[in-house]
Amino acid sequence: MTGEKTPLTLIGLGPMGRGMVAKFLEHGHPVTVWNRTASRADELVAKGAVRAETAAAAVGANRLVLLSLTDYAAMYEILDGTPLAGRVVVNLSSDTPEETVRAAAWLAERGAELITGGVMVPAPLIGTESAYVFYSGPREVLEPYEPTLSVIGRPEYVGAEHSLAQLFYQAQLDAFLTGLAGILHAFALVGTAGVPARDFVRYLADNVDSLGLYLDETVRHLDEGNHPGDEANVLMMGATARHVVGASEAGGIDAELPRAVQSLYDRAIAAGHGRESWTSLIEVIRKR
């Protein structure tokens, strides 16, 4: 069961699920599929997948069962009442870290093992060199299936606690979604003067690319718990945050996002971090 031809079941055929099945088939894995809307499997069946008539039949077909669903609630809806004993369920759905702990207990009561997963690329990039997937749960349960799972992306094992993969996944999305919102807000801000996005994009791209330059110093400050403010201190950065809010309000665009950022700086100053580096905002965030 550890070779490249390991058979598996995949339940949930949205864009991500279909992309994963296609990759497994390309690599010669026998794949059984099930989806509430059965027609979503048509193209995959034409490529060699086996369509199960029921979720129970899909689970019964293989020991390795992958879930690509909207959330963990969908798992309970689909698998409740289905015999699960002896199955390894790799749930690649998104939810809270706490929900994965509940799910692990629910599956254990039914004789199954949970491996939590978080896929860190969109569907078109599944199986490419840039694809990787966070996993957590019992190492000995995951290990035999790592060669199979590597088909969809590089396995990144982050620990035995079931919540960890989902925590890493959500933390990545935290930065990603906030960053995307900031990018749109910046385009909207210059747009208040009639500047088209295409005329601003090269400057914004340079800004986004430069963020990586701050990571090493940021990590050092966070891990050492020391925030020297010789250059970009909270008082200075907080003033800038207020200016962004003011520019947004004057331009008539939504200012909730920059107000949230300004609030972090205001509270950091109130807590006595004004002369420290902007990285001291972490103390406000942690105590929130």
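So, how was this worked out
- Residues numbered from 1 in each chain as written.
- Predicted model: local features only at pLDDT ≥ 70, side-chain atom pairs only at ≥ 80, totals over all residues.
- Heavy atoms only, no water.
- 1 Å grid on protein atoms, 1.4 Å probe; cavity = no way out; pocket = protein on both sides within 12 Å on 5 of 7 lines; lining within 4 Å.
- Points joined across faces, edges and corners; volume = space filled by probe spheres on them.
- Helix = DSSP H or I, 4+ residues; strand = E, 2+ residues; numbered from the N terminus.
- Nonpolar A, V, L, I, M, F, W, Y, C, P; charged D, E, K, R; others polar.
- Axes fitted to C-alpha atoms, helices over the stretch in contact; angles between N-to-C directions.
- Parallel < 35°, antiparallel > 145°, perpendicular 65-115°, else oblique.
- Left-handed = near helix turned anticlockwise from the far one by under 90°.
- Contact = heavy atoms within 4.5 Å.
- Salt bridge = Lys/Arg side-chain N within 4 Å of Asp/Glu carboxyl O.
- Buried < 20%, exposed > 50% of the residue type's maximum accessible area, 1.4 Å probe, protein only.

## Details of the layout of surface pockets
In this structure, the largest pocket spans a volume of roughly 2,500 Å³. If you go around the largest pocket, you meet 48 residues; those closest to its centre are T178, L211, V261, Y265 and W278. When contributions to the lining of the largest pocket are tallied by element, the ones reaching two or more residues are α8 (163-191), α9 (197-210), α10 (215-224), α11 (234-251), α12 (256-270) and α13 (281-287). Considering only residue class, the lining of the largest pocket consists of 30 nonpolar, 14 polar and four charged. Estimates place the volume of the second largest pocket at around 650 Å³. Around the second largest pocket, the lining is made up of 32 residues, and of these M16, S68, L69, L92 and Y169 lie nearest the centre. At the level of elements, α1 (15-26), α4 (72-79), β6 (113-119) and α8 are the ones that each hand at least two residues to the lining of the second largest pocket. Per-class residue counts for the lining of the second largest pocket are 18 nonpolar, 12 polar and two charged.

## Description of the packing of α11 against α12
Following both chains from N to C, one finds α11 and α12 inclined at 150 degrees, their axes separated by 9 Å at the closest point. Relative to α12, the element α11 lies roughly antiparallel. Considering only the axes of α11 and α12, their crossing is left-handed. Contact with α11, carried on its side by V234, L235, M237, G238, A241, R242, V244, V245, S248 and E249, involves P258, R259, Q262, Y265, D266, A268 and I269 of α12 and no other residues of that element.

## Notes on the pattern of salt bridges
Summed over all chains, the structure comprises 12 salt bridges. Across the pair E26 and K23 runs a salt bridge, and its minimum N-O distance is 3.5 Å. Placement of the pair is E26 and K23 together in helix α1, with a separation of three residues, close to one helical turn. By relative accessible area, which is 21% here, K23 ends up partly exposed. R259 is the salt-bridge partner of E249, the closest N and O atoms lying 3.0 Å from each other. With E249 in helix α11 and R259 in helix α12, this residue pair connects regions lying 10 residues apart in the sequence. By relative accessible area, E249 is classed as partly exposed at 45%. The exposure class assigned to R259 is partly exposed, which follows from its relative accessible area of 34%. Taken together, the salt bridges that share partners define one network made up of E249, E256 and R259.

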